[in-house]
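# Examination of the molecular architecture
Read off the chains here:
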Amino acid sequence: MTKTPARQGTRPLLWGVLALSAAANAITSALGVNLILSTVFGVVTLAAGIALIANYRTRR
């Protein structure tokens, strides 16, 4: 059983998305900006985290 090689740029891109969306989520939450916008950033952060975990488990 062979594993398909992941793209080289996937991990750094996911880490960037995770960091930016977590920062945006924290800022929108602290400033009391629209709850929907804060929730969207939270969901993007969660999705990036899950994708990083899946990427890690696939490459193990």
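Residues numbered from 1 in each chain as written. Predicted model: local features only at pLDDT ≥ 70, side-chain atom pairs only at ≥ 80, totals over all residues. Heavy atoms only, no water.

## So, the overall build of the protein chain
The helix and strand inventory of the protein chain stands at two helices and zero strands. When burial is assessed residue by residue, the protein chain has 17% of its 60 residues classed as buried. At a minimum sequence separation of 6, the contacts of the protein chain that also span at least 24 residues come to 65%. When the accessible area of the protein chain is evaluated, it comes to approximately 4800 Å², of which 71% is carbon and sulfur surface. (Helix = DSSP H or I, 4+ residues; strand = E, 2+ residues; numbered from the N terminus. Buried < 20%, exposed > 50% of the residue type's maximum accessible area, 1.4 Å probe, protein only. Contact = heavy atoms within 4.5 Å. Areas by Shrake-Rupley, 256 points an atom, 1.4 Å probe, with all protein chains shown as cover.)

## Focus: the UniProt feature "transmembrane region" (unreviewed entry) in the protein chain
On the UniProt side, "transmembrane region" (unreviewed entry) is annotated at positions that read residues 36–56 here. Secondary structure content for residues 36–56 is 100% helix and 0% strand, and the end C-alpha separation is 30 Å. (UniProt positions renumbered as here; feature names shortened; annotations may be inferred.)

## Details of helix α1 (residues 10–31)
Look at α1: 31 Å from first C-alpha to last across 22 residues, which is about the 32 Å you get at 1.5 Å a residue. Burial in α1 covers these residues: Leu14, Leu18, Ser21, Ala24 and Thr28. An end-on view of α1 places all buried positions within 145 degrees of arc, on one side of the element. Of the residues in α1, the exposed ones pointing more than 90 degrees away from the buried face are Pro12, Trp15, Leu20, Ala30 and Leu31. (Expected span 1.5 Å × (residues − 1). Arc of directions from axis to C-beta.)

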